Structures are given as C-alpha cells and as structure tokens.
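# Report on the structure
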Protein chains: 4
Amino acid sequence: MKTHRFQPAEYHLTLGSHVPVLEIEDGDTVLTTTVDNKGRDASDRQVTSPGNPQTGPFYIRGADAGDTLAVRFDRITPTRSIGRTRTCIAPRLLDPEYAAAVWHGGREEELLEWRIDTESWTATLLAPSFPAGRLSLPLDPMVGCFGTAPPRGQLIASNTASRYGGNMDYRGFTAGATVYLPVFVKGGLFHLGDVHALQGDGEIVGTGIEVSAEVEFTVRLIKGRRIDWPRAETRDSILSAANARPLVQAFQEATTEMVRWLVELGLEETRAHVLLGQCVRYEVGNVYDPAYTMICKVGKSLLQGIGLEGPWL
Amino acid sequence: MKTHRFQPAEYHLTLGSHVPVLEIEDGDTVLTTTVDNKGRDASDRQVTSPGNPQTGPFYIRGADAGDTLAVRFDRITPTRSIGRTRTCIAPRLLDPEYAAAVWHGGREEELLEWRIDTESWTATLLAPSFPAGRLSLPLDPMVGCFGTAPPRGQLIASNTASRYGGNMDYRGFTAGATVYLPVFVKGGLFHLGDVHALQGDGEIVGTGIEVSAEVEFTVRLIKGRRIDWPRAETRDSILSAANARPLVQAFQEATTEMVRWLVELGLEETRAHVLLGQCVRYEVGNVYDPAYTMICKVGKSLLQGIGLEGPWL
Amino acid sequence: MKTHRFQPAEYHLTLGSHVPVLEIEDGDTVLTTTVDNKGRDASDRQVTSPGNPQTGPFYIRGADAGDTLAVRFDRITPTRSIGRTRTCIAPRLLDPEYAAAVWHGGREEELLEWRIDTESWTATLLAPSFPAGRLSLPLDPMVGCFGTAPPRGQLIASNTASRYGGNMDYRGFTAGATVYLPVFVKGGLFHLGDVHALQGDGEIVGTGIEVSAEVEFTVRLIKGRRIDWPRAETRDSILSAANARPLVQAFQEATTEMVRWLVELGLEETRAHVLLGQCVRYEVGNVYDPAYTMICKVGKSLLQGIGLEGPWL
Amino acid sequence: MKTHRFQPAEYHLTLGSHVPVLEIEDGDTVLTTTVDNKGRDASDRQVTSPGNPQTGPFYIRGADAGDTLAVRFDRITPTRSIGRTRTCIAPRLLDPEYAAAVWHGGREEELLEWRIDTESWTATLLAPSFPAGRLSLPLDPMVGCFGTAPPRGQLIASNTASRYGGNMDYRGFTAGATVYLPVFVKGGLFHLGDVHALQGDGEIVGTGIEVSAEVEFTVRLIKGRRIDWPRAETRDSILSAANARPLVQAFQEATTEMVRWLVELGLEETRAHVLLGQCVRYEVGNVYDPAYTMICKVGKSLLQGIGLEGPWL
C-alpha cells in the first residue's frame, strides 16, 4: 500500500501497449499529473502534441487478461487558473438543416477562456459576458479519458473509446468514483488524461473546461473476474459505461452489462429485467467523438432495499 | 376559466383529427379519466381496444396552426389498486448476441401485477419477490402519451411520437409540469392517455406500471408562437422533447429546439451554444417504440443566474 | 378479368382507409393516371395539393387482413413532356461538416426542368448544361409511392413508408415488376402515385424526375398468405423491401423477410443463411424521407440452380 | 518498374506503422501471398494467429502524408482447393425478435467447406446439399482487407476499417480494380490480406469464402493529391468507399467523397449534385464488423457522356 509520486516526462496520443512508466502493486496509490487536451501543462506551456495526451501507462503487477482493475479517483484538482472551451455545438449534433443554415466552418476551432478558482471552487467565463454578467459555474472536476490497453496489440487514439475505456467524457467520473476496467494485457496498463474542470452532458461543443490537473488514484486488482465494459461505483449508484456507435448500441451494451452485473450480484435474470424496467436511469457521456458513451445507472439504496449488499464488485 | 368534468365514452388508438369530445376556452381546466394501455378502466374492466387508448380530443377555441398550446398537468392520480408491467427488456435494447442467447420469444407478453396504494404512495410488486422480500417503489405518476393532432389529416398510432407529441413516456411529465405543444390544426385537438404509476428511463420493458387514472389539466393558448417540438417546464427546469429514430436524431432535434428556445429567451445564439456546452443535461424517454424520445434540459436557476427570467414561453 | 379505366377526380396525401374509388375483382386490370409529386397533371396544371398525391384507393373484393395482394405493373408511361427535379443533395445525406460549409438553405427548393421524350425514350435536362452539353438519360419509369391501407385506422402521410408500402422510391418498381403487399384491412385498399421518369439510388436530392403518368396494373389476391414486408418479383430477381429508420434496421428487416421467403420456398433455414451469405445483393431505395428503404435481392437463376422453382409467391 | 516477389514470413493483426517488409518504388509491381482470415496458408496449415492477418506493410519510396497511393490489383488467385464460410447470418443483421427466436449462440462459429477449382473457376459447397444437389458458384476473387497505415501512430485491428482502408469486404475489389488510398505516414505502408474466393454483399455471415491467395499488384504514387476516403476505379465505374457506423454515416461520407471527386474532375458542385441525384448507384460492403462500408458509384460512360475524361485520379 505504497503511494507513488509520478511526474510524466512524455505522453501518449494512443492507449495501448506502450512501455510502462511505473510498476505498481495491488493497493498502491499514485499521485500524478495530466496535461490538458491540447498538451498544455500547469504553466500553460505546450509540452506535448494536442489530442488528449495520456499520462502512463501504469503497470499493475499480477494483472492478466481476464482480470478487472478497480481504480478509485481519490482526488482530481485543476492545477492552473486558466481553462478553455470550444464555442460551438458540433453540426452533427444539431438538426442537419439548422446546422447547415447557421453554422460557419471554423467557428468550431475558436477557444474561450475561463478563470479556474480552486478556492471559491468556480469556473468563470472571461468573455463573452451574459445578460447578467459573467457566467460562473461550480467546479466538478472529472477525468475525461482513461483506460487499460486494448487487446490484439492495438494502439488506439485517445479521442475514442471502447471496452477498455478511453475518451468517455462522463461527468460522473469525479473524485470518489471507483471505475472498473477489463484487463486485456499483462499489467493492465492504465492510462489517464483529459481532465475537465466541469462539463455538460455529451461534450457537445467538443470540450469540457479543459485544464491541467493533479490526480490521485488507488488501484485494486480483482483477479479472475471478467467484465465486458467499464463499470463504476459512485457514492449513490452503480453504473455501466458502454462506448459504441450508433448511440442505441451504446445503450444496448450498457443495459446488457448492467443486467450481467445484477445477475452477478445474485439477482435472478428475469428479476434484473423487472427491476431495471421500472428503476433504471440513463445518462449521456461523450457524443462528440467517434464512439458514443451511454451510462446505465441504478441507485445503491434501491439495491440495498431489495436485499443486495456490497461490495459491488 | 371554467372547470370541465369529462367522462369519456369512447377512446382513440390514433392521434389526429377525430371529432372533438369537448370544446374548451383558453384558461379552462379539464378533469377527466384515462384507461390503461390495454384499455382497462378504474374497475379493471376492458372498455376499449388495447394500444394506449386516448381520451379526447379536446378542441381549444381560437387555436390555429402555428400557435402553441400550453397544458399544465395539475393532478395525475391512479384510480385503481392494480397496475401491470411487462417483464422482459426488449431484445432490440440489449446486445444482439446476448439477447439471442437468453431471450425466449413470448416472455415479452407476460404481465406482472403491482398493488398501487395512493395512501402510502407506493407501488408494490405482488410477485415475484426479491431477496429482501417484495419490491416496493414510491409512486411518481406521469402521462405517457399525449399530443395535438398531427398535420396533413394524418391519424397516427398512439404507440409512436413526433412533433405533435405522442407516446413519449418521459417520467418528467408529472403533475406540476407544463407541456408546450405545436398546434397543426384548428382547435389543436389535445389527446391524452397511457398514465404510468411510475417508470424507469426508456420504458425498456415496454411498459411503465400501467394504470387507469384521473387527470386534471389546464390549457393556455399562446397565439402566434410557433415551436418545432414539444417543450416543457417543470419546477426546476425547462426542457425540449424530440421524438425520432435513430436515437441520435432525437438528440439532435432536442438540442436544436433548446438552442432555439434560449435564443427566443434573448440569448445570442453563440452564447446559447457556450452555455449548453458546459451545462446541458440529457434524459431518455421512450426507446421501446418506433420513435425514440430524447430530453434536453437546462436548470431554471442557471438561466436566472445569467439574467434570463420567465415566463419561459 | 376485366380492364377498368379510372380517371381520378381527387387524390389523397395519406395512405389509409379512405373511401374506395373503385371496387375490382381478383385478376382485374386497372388503367389509371397519377399526378406528379406536386399535384400537377398531364397538362402540367396543379389539380391537387403537393406531397405525393395518391390515386385510389382501389378496393379488391375478397381481400382481408392476413392476405397478400400481388400487383403487376403492366405499363408506366409519362404523360407530359416536362419533368422536374430538385437540385441539391439533402444536408442530412452528406458529411455534416461538409454540408454545413457548402450548403445554403433554400437551394433545396429550386426545381430544374427536363424534357421527357417518350419517342426517343430519354429525359434531357434543359438547364444547366454540362461540359459536353445537355445531360440526357434513358427513361426508366417507376412508381415511387404505392401501398395498401395501414392497420389500426391510421392515415399515414405519403412521404413515408412502412410494412404497408408507401414512399419507397426504388428504381426497380418498373413495368414488368410484380409487387406483393400485406393486406391489413378489408379490401386491401391499394393506392399509387409519385411516378418518376427515372431516378438515382436513394432519391438523395429529394426527387426523381417527377412526372404525371398513365399506369396500368393487374391485381391478384393471394388468400391466407401473410407477408411481413413488401416483396417483389422482377424478370431476374425476387426481392424484399423494408422501410425503417435507421438504415441498418431497414437492412435487418429486408434480410429477415428474405430468409422467411426462402424458407417458404422450401429451403431449410440454415441453408437460406448459407445461400444469402455468399449470394445476396442489396440495393438502396429512398433515404431522403423519414423511413429508409433497403432492398434485399436474390437472382432467380441462382434459385433455379439449387432446385427452387416459381411461382415465387 | 520492377516486379518484386515477396513471400511473407510473418503477418500483422493490425494495420499501422509496423516495420516495412519491403521498400518499393512508384510504378513497381509486387507478387505476394496472403493467408486466409484464420491464418491458414496455401497448404491449409495455420501459420499465424487468426483475425485477418495482413501481409506487409510495403513501404513506397517518396510517399508522404497528404499523398495518394494507387494500387492496381493485377491478379488475385486462390492458392488452395479448400475455402471456408461461416453458416449463420449475424443476429445483429436480422430483426431482433426474429434473431432472438431462431438464433442459437455458437452456430456462428461453425464452418462449412467449399472446393475451390481455379480450372472450372467455381466454388462448390461440400455440405450441406441443396434440393438440386451441391451449390456451385463462379469464383470472383477479391481482397477483403487492405489499407495504408492510419495516422497518429495507431495500430488498428484488421477487422475494422476507416479512412485508411481496412476490412471493407467489398466484392468490387477484384483483379482489374485500382484502389486509391490516402497516405498518412512516410512510405504509406500498404497492407493486404483476407482474400475471398467470392462473397455476397455485406458479408452478413461474417465471412466470404475464405482462402489463401496469390496477389499481384502495382503501385503508383500520386504526389500532393489528398483524398479523404478510399476510392477505386473499375473497368466501368468510379467509386468511393466510406467506412463508419452507423450505416447512414458511411452513406454520407461516401456520397460526400464522390461529390468532391466530381468537383476535382471539373464539374461545378451543383452540377455534381444534379448528376448524382438522378444517376448515382450505391452498394453495400462489410456490415458485419465494427465499421460499415458503403460504396457510392458512378458509371464512366455516363461521365464521358457529359464531357469528363480520365485519367480519373
């Protein structure tokens, strides 16, 4: 149960079987930093190429294909006072004729600046102003992109997502959440990056408020337990996260993974259907990038009420 | 500002230009009843054919194509002690190979019974039981299907949805919500039915807890104001509801309608994009039936914080 | 086996249970006319509202829900020398960012004129010209929209399609083709309209070359034979046509309907899979309107080669 | 203009920046071999892991990001007398309820054997037999998977496809076709494999008739010419091939790429729309694997008729 401090010297634009930057044990904690989506660090200097650069990968001793890796995000803190967002909803997320009528190519690339204040715990848009003045929002920092190495020797760009995780951009992946990831290769190879100070559902303008960050996380290795898609546990809920296209396929996969999870927790399969039918909640992760992310969620208190108890995985 | 009591004698399985059952004025309130999705009434007798039978249509004097109809649901109360649900997530909402492996044709048609108790405000599943006993859930009654008459003389089945409303099965359409509907024909012709005692997101088993109900609603006519999709206002939020296939098209249309709404409220269009980018929330309505429903939602307090004030429409 | 001449006096913008214009017997032939998509007749006068006005419906004596109606198109002849097309691929059928960059709202509504010459059997675009002069194409007249009345008392707009047929805009529905349609209501109620002098796959600009036409067709009633989707038989092939959204769902339904057909023809189901796996052909019907049309096709000579013989339905 | 004979010693399960196996010049011809999808060679021995193993990559001297690589398939010859197919249409390509009712997990993995006869130029299914005896089909050999290295250092599994090519499984990629591929990395890095003796549209059972093969191809480097998606030229047609999910997105991208191509050939953009509107043809490539392939096609004689002449790229 060691705490490692790791300051990255280089970053990866793909998730995959890169040379590990650090070997850690089951139960260890890592305190590290991430650059923003454009490769800018805490000093706002560009230190690597843009495109969701990933810190890592971290090699977890003993992890093998077929295991599950649990990663608890202990703390996620923006490390600079400036954050940036794009300005324009992607045309592919609007009515095609509306988009064609109002959208002007290039606008998508403009960036707006926000002042990140970790004392008042707010992000304030510097310009433009709104009718009542500046737009100021409470921080809600989350890790936009993280995952294990995919199978088959693949190196997959950090702007997409699949069974190994990736760029899911779900605003529930905040400090306190424990994420569960399938292990496909020896050591698991955990990557992370693309922290947002906060974000709307869907990441429909193509960014959250993009910041550099300090992230502390603790890993737990669950041997011999195979999951098909990322899962997570927050204070109140358990959830599955599936990444696919079209959106309904992400919906199908997230739902199926939740059925499997409930069955693993001891529920007879038809009861899992009955329960989800009247109680399930869905949320939308990234719908901007190639793979769409759909979240399928069930409240812990509901599960406890029907006699299921944690640990949930 | 009159209150009408209307007890239906017949029902419609389509929304459209049927002969109106009642003419009402702008501002009037209607207290009426609905049968359940199978056509069963408060006595649990089948009084009409199954398939979301609709009460109405109600003719609103002065309403013309291009206007908007506001309908506030004042009260939605189940009127019998038995509710029913289907048992099985639709195969098309599961991973296709998983569905093919576990699903058995016909199961979809089984019905389970729930005891609806409007005193304790709970629904309790009579069988099967769960590990901790019976599954009991707080009531959250909502109108599953409602809408105006579609254009072009169409009569459209009450299991689907489009710009005129229809079978949206969104759990936010509860008492207290005001829904806004485009008017396509003289009198608007408001229909309603398919009340659920409560429901999970998506209506993934094909039903909520289906009940007969008493519904009180108050109409307001907004002359000369054209909207493209249903909208609504709850205590906390404004929301747009779009009904289309595939799911991402419902997402596109709901997002576009919300952009339009924010612009109508006085926000410059690019500011609407910026705001939604970091603050929007999405929810999932019906994904069981031919048209999928996606909800795009923004908090009223957020809007007030940037200087926008109601009335919202 | 009578031949009826029927000159329509009015038209319908929906397919459904309208009052029949003519009652005919199994085996009868009808010689009638259709107006173009804009409601213009052989004299190019607008005689009814635009939106694929339908001639009919024709009541087939003895037809009941669960039967199949076979309609052979004996002859389809343009009846005027002018045809019209739209000019611009719909933005929703282009890359969204490309569409947003190049598309200008309103262009979609422009109309170009073509000279239809039934002697030389060509359509010639009057303007604009192409590098080598005028664009001239061989005629290939087809019926864009036809179908029976849908179930449940619905009246459904003639710009969409479903199990009953509708606006399929498939260029294979030419003279010589026999189409098979499910019967949902007493009399079947066959409608037709929207003839194109010729058309590209997908109807991606929203029109074929739109003309008024004379259509001769012969009906055959197949009692007690139920099909799930429109089917057809051309000189060389049998094909199924499914209408749904998204495109892959039309693909699924067309494929499934062809599997069923091969099984009905006597092929063991796994052999149907094996055969289609290596021999199936797909074509694209309408992808412009709400429901997309996908065609699943198998060659008759291939079927004869494995020992299956007609009649095919 | 040299001809290289290259016998692979190892294969790759991903397309990407692997160490090149051979450096060739613009204009050179390569005569090489491919193993089948399962990694079996001309002797039917498994010599590498299954999953569309790729021969190559071949490094083309002088190729840089932003160029286009033209590859003409001169000859594609099966090199053994046995081919194999799967037996069962994937459940995700059938109506979900039909699939759930009739499909039995595991059937998808069964393999059938075909005798490949390059003298009679036929493939004959050994078992099961059909009503008229054995199913025998004319050979039509094609390369199922080929492409350049994708950008960003990615290594992408050879069962999917994108802008760089990949597993497109289009039956038009036969001997005589010239394919055009975008170059993303120095040397281009051309891979190929997964030859089918023949195949139905869509590869709906998950395989064509899978064989080992000898492939001869000739490369031409087109400096400074950037294309966005694979294109090809056959004897009769030019075509674009786009790989995406959902199917309609592949349709959008293929259509857009064809518009660009026609504009490059000198057609004013609105004329390109008009021409495609009435003359375009679509075909379906792979719809079994993660990315769907849609083909957008225009006849060369049509283009010549309006005054456009080759060379086409």
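About the cut-offs
Per chain, residue numbering runs from 1 following the sequence as it is written. Chains carry letters from A onward and ligands carry numbers from 1 onward, assigned in written order. In keeping with the predicted nature of the model, local features appear solely for residues at pLDDT of at least 70, side-chain atom pairs appear and are counted solely at 80 or more, and the whole-chain, interface and lining totals rest on all residues. What counts as a helix is a DSSP run of H or I of at least four residues, what counts as a strand is a run of E of at least two, and both are numbered from the N terminus. Based on C-alpha atoms, the radius of gyration is set beside the globule rule, defined as 2.2 Å times the residue count to the power 0.38. Between the buried cut of 20 or more and the exposed cut of 12 or fewer other C-beta atoms within 10 Å of a residue's own C-beta lies the partly exposed class, and all C-beta atoms are placed from the backbone. Placing a C-beta atom from the backbone of each residue, one calls two residues in contact when those atoms lie within 7 Å. When residues are sorted by character, Ala, Val, Leu, Ile, Met, Phe, Trp, Tyr, Cys and Pro go into the nonpolar class, Asp, Glu, Lys and Arg into the charged class, and all the rest, Gly among them, into the polar class. A pair of strands is treated as paired once DSSP finds two or more bridges between them. All axes are obtained by fitting lines to C-alpha atoms, using only the stretch in contact for helices, and the reported angles, taken between N-to-C directions, cover 0 to 180 degrees. Residue ranges labeled as domains rest on an automatic or database domain assignment. Least-squares superposition of the copies uses the C-alpha atoms of those residues scoring a pLDDT of at least 70 in each of them. Here a helix's expected span is defined as the number of its residues, less one, multiplied by 1.5 Å. Should an angle fall under 35 degrees it is called roughly parallel, over 145 degrees roughly antiparallel, and 65 to 115 degrees roughly perpendicular, with every other angle called oblique. Note on convention: the crossing is left-handed when the near helix lies turned anticlockwise from the far helix by less than a right angle, right-handed when the turn is clockwise. As a per-residue quantity, pLDDT reports the predictor's confidence and falls between 0 and 100.

## What to know about the overall build of chain A
In terms of regular secondary structure, chain A is built from four helices and 21 strands. At 19 Å, chain A has a C-alpha radius of gyration in line with the 20 Å of a compact globule built from 313 residues. By its C-alpha atoms, chain A is 55 × 45 × 40 Å across when sized along the principal axes. Going through the 313 residues of chain A one by one, you find that 61% of them count as buried.

## A short note on the interface of chain D and chain B
Between chain D and chain B, the contact holds 10 residues from the first and 10 residues from the second. The class makeup of the residues in the side of chain D that touches chain B is seven nonpolar, one polar and two charged.

## Let's talk about the sheet that holds strand 10 (residues 136-138) of chain B
Residue and element names in this part refer to chain B. Strand order in the open sheet formed by four strands is 7-8-9-10, with antiparallel pairing between adjacent strands. Bordering the open sheet on either side are strand 7 (82-86) and strand 10, each of which pairs with just one other strand. Between one strand axis and the next, the sheet turns through 30 degrees on average, direction left out of account.

## Here we look at the domain arrangement of chain A
Residue and element names in this part refer to chain A. Partitioning chain A into domains gives domain 1 (3-81 + 139-222) and domain 2 (231-305). The C-alpha-based centres of domain 1 and domain 2 are spaced at 22 Å. With 21 residues of domain 1 at the interface, the matching set in domain 2 holds 19 residues. If you list the elements that add at least two residues to the side of domain 1 that touches domain 2, you get strand 13 (161-162), strand 14 (165-167) and strand 15 (178-182). Per element, the largest residue contribution to the side of domain 1 that touches domain 2 is three residues, and it comes from strand 15.

## Quick notes on the relation of the copies chain A and chain B
Applying a rotation about an axis and a shift along it to one chain copy brings it onto the other copy. When chain A is brought onto chain B, the operation consists of a screw motion whose angular component is 180 degrees and whose axial shift is 0.0 Å, with 0.0 Å RMSD remaining. The symmetry that links the two subunits is that of a two-fold axis.

## Describing the relation of the copies chain D and chain B
Least-squares fitting of chain D to chain B yields an RMSD of 0.0 Å, with the transformation described by 0.0 Å of translation along the axis and a rotation of 180 degrees. A share of 100% of interface residues in chain D that are also interface residues in chain B marks the association as one of identical surfaces.

## What to know about the environment of A:A213
Residue and element names in this part refer to chain A. For A213, the position within the fold is in strand 17 (residues 213-222). On the neighbour-count criterion, A213 (28 C-beta atoms within 10 Å) is buried. Linking A213 and I238, residues 25 residues apart in sequence, is a C-alpha distance of 26 Å. Discounting chain neighbours no more than four positions away, the residues touching A213 are T33, T34, I76, T77, P78, T79, P141 and V195.

## Examining the interface of chain A and chain B
Every contact between the two is made by 53 residues of chain A and, on the other side, 53 residues of chain B. Elements with a minimum of two residues in the side of chain A that touches chain B: helix 1 (96-102), helix 2 (247-264), helix 3 (269-279) and strand 20 (281-284) of chain A. For the side of chain A that touches chain B, the element with the most residues is helix 3 of chain A, which contributes 10 residues. In terms of residue class, the side of chain A that touches chain B is made up of 31 nonpolar, 16 polar and six charged.

## Here we look at helix 2 (residues 247-264) of chain D
Residues and elements named next belong to chain D. In a regular helix each residue adds 1.5 Å, so 18 residues correspond to 26 Å; helix 2 covers 26 Å between its end C-alpha atoms and thus fits that length. A large share of helix 2 lies buried, amounting to 15 of its 18 residues. G266 lies just past helix 2 and shows a positive phi near 110 degrees.

## Quick word on the sheet that holds strand 6 (residues 68-78) of chain A
All names here are of chain A. On the basis of which strands lie adjacent, the open sheet formed by nine strands has the order 1-4-17-6-15-18-19-21-20 and mixed pairing. Whereas interior strands pair on both sides, the edge strands pair on one side only; in this sheet they are strand 1 (3-6) and strand 20. Averaged over all pairs of adjacent strands, the angle between their axes in this sheet comes to 25 degrees, without regard to strand direction. Two elements, strand 4 (residues 29-34) and strand 17, share six bridges in a ladder whose sense is antiparallel.

## Regarding unusual backbone geometry
Apart from glycine, the bulk of residues carry a negative phi angle, and the bulk of peptide bonds sit in the trans form. Backbone torsion omega between C:G56 and C:P57 reads 5 degrees, so that peptide bond is classified as cis. Looking at the secondary structure, you find C:P57 in strand 5 (residues 54-60). Following C:G310, the chain continues into C:P311 via a peptide bond in cis, with omega recorded as 5 degrees. Secondary-structure assignment places C:P311 in the segment after helix 4 (300-305). In this structure, A:L189 is a non-glycine residue whose phi angle is positive, near 65 degrees. By the secondary structure assignment, A:L189 is in the loop between strand 15 and strand 16 (190-196). Judged by local crowding, A:L189 falls into the buried class, with 27 C-beta atoms found within 10 Å. Located in the positive-phi region is D:D194, a residue other than glycine, with phi close to 60 degrees. Within the element layout of this structure, D:D194 appears in strand 16 (residues 190-196).

## Points about the packing of helix 2 of chain A against helix 3 of chain A
The description of two helices packed together rests on the angle between their axes and the distance between the axes. Residue and element names in this part refer to chain A. It is at 9 Å that the axes of helix 2 and helix 3 come closest, and there the two elements cross at 125 degrees. Viewed along their axes, helix 2 and helix 3 adopt a mutual orientation that is oblique. The handedness of the crossing between helix 2 and helix 3 comes out as right-handed. Contacts from M258, V259, L262 and V263 of helix 2 reach helix 3 at E269, A272, H273, L275 and L276. Its residues assigned to classes, the contact of helix 2 with helix 3 comprises seven nonpolar, one polar and one charged.

## Notes on the confidence of the model for chain A
On average, residues of chain A carry a pLDDT of 96, and 98% of them reach 70 or more. As scored by the predictor, the complex reaches a pTM of 0.97 and an ipTM of 0.97.

## Quick word on the environment of D:F190
All names here are of chain D. One can find F190 in strand 16. Placed 75 residues apart in sequence, F190 and R115 show a C-alpha to C-alpha distance of 30 Å. Not counting residues up to four positions away in its chain, the partners in contact with F190 are G56, P57, F58, I60, L69, V71, T148 and V219.

## Side note on helix 3 of chain A
Summarising burial for helix 3 of chain A: eight of the 11 residues are buried, a large majority. Considered for burial, the residues of helix 3 of chain A that qualify are A:R271, A:A272, A:H273, A:V274, A:L275, A:L276, A:G277 and A:Q278. Close packing links the buried residues of helix 3 of chain A with helix 2 of chain A together with strand 7, strand 8 (111-117) and strand 10 of chain B.

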